[in-house]
Each structure stands twice: as structure tokens, then as C-alpha cells.
Amino acid sequence: MQYGVHDLADGVRTELEASYSKHGCGPEFWTTYQQVLERLVPKGRSRTQVTNELALIIEQLGIVRRAQMVPPRTTRTR
């Protein structure tokens, strides 16, 4: 994640990892995920890049086996 501060990615990773350790892959973990996403990219803005980066973090932590990536808007099919 490149948002001006390298510690941001580490902080997000730590927050997601702590939530997973506490709640497993249950609804509370995914609530934390949504809260992180909302903080990083307010509604109404493109979330594709941040969503994909969060998905990769979740995959790296072993929370999901294979993360689903969101294609950029220009390559989406209708």
C-alpha cells in the first residue's frame, strides 16, 4: 500500500491479523475489514486498488487461500 506512510500498510496488516486472531474468519473479522476499507477510501471514491491490496494482505496472512482481485473499471465486462 502506498499512501505516503510505509507504516500504514504495516498498521493495516497488524489490525487485520489481530482481528483474525481474535475472531477467526467470522463476521467480526469482515466487519474490521470493512472498517479499514472505509477509513482508507471514503465512499464515492474508487476502491479497486485498495480493495485488491487488502485482499493480498489477507491472502498473505493465510486468512483466505486465494484472494479474488477486482479488475480495473476499464477491463470489466458488462
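Quick notes on the rules
Residues numbered from 1 in each chain as written. Predicted model: local features only at pLDDT ≥ 70, side-chain atom pairs only at ≥ 80, totals over all residues. Heavy atoms only, no water. Salt bridge = Lys/Arg side-chain N within 4 Å of Asp/Glu carboxyl O. Helix = DSSP H or I, 4+ residues; strand = E, 2+ residues; numbered from the N terminus. Buried < 20%, exposed > 50% of the residue type's maximum accessible area, 1.4 Å probe, protein only. pLDDT = per-residue confidence, 0-100. Contact = heavy atoms within 4.5 Å. Core = buried A, V, L, I, M, F, W, Y, C linked by side-chain atoms within 4.5 Å.

An account of the pattern of salt bridges is requested, with residue identities and associated values reported.
The final tally for this structure, using the stated rule, is 3 salt bridges. Here Arg39 makes a salt bridge to Glu15, at a shortest N to O gap of 2.5 Å. Separated by 24 residues along the polypeptide, Arg39 in helix α2 (residues 27–40) and Glu15 in helix α1 (residues 6–23) bring together distant segments of the chain. What makes Glu15 partly exposed here is its relative accessible area of 27%. Here Arg66 and Glu59 are joined by a salt bridge, their closest N and O atoms 4.0 Å apart.

Kindly report on the confidence of the model for the chain, identifying the contributing residues and their values.
Per-residue confidence for the chain gives a mean pLDDT of 82, with 83% of residues at or over 70. The spread of mean pLDDT over the elements of the chain runs between α1, the lowest at 87, and α2, the highest at 92. Counting interchain partners and residues more than four positions distant, the pLDDT-below-50 stretch residues 1–5 has 11 contacts.

Got a sec to walk through the environment of Ile58? Specific residues and values, please.
When you line up the elements, Ile58 lands in helix α3 (residues 48–60). What makes Ile58 buried here is its relative accessible area of 2%. Counting along the chain gives 25 residues from Ile58 to Tyr33, while the straight-line C-alpha distance between them is 9.4 Å. Non-local contacts of Ile58, meaning those with residues more than four positions away in its chain, are made with Leu16, Phe29, Trp30, Tyr33, Ile63 and Val64.

Give a detailed account of the nonpolar core, specifying residues and quantitative values.
Among the nonpolar cores identified, the biggest contains 12 residues, and these are Val12, Leu16, Phe29, Tyr33, Val36, Leu37, Val41, Val50, Leu54, Ile57, Ile58 and Ile63. Setting aside residues no more than four positions away along its own chain, Leu16 makes contact with Phe29, Thr32, Tyr33, Val36, Leu54, Ile57, Ile58, Leu61 and Ile63.

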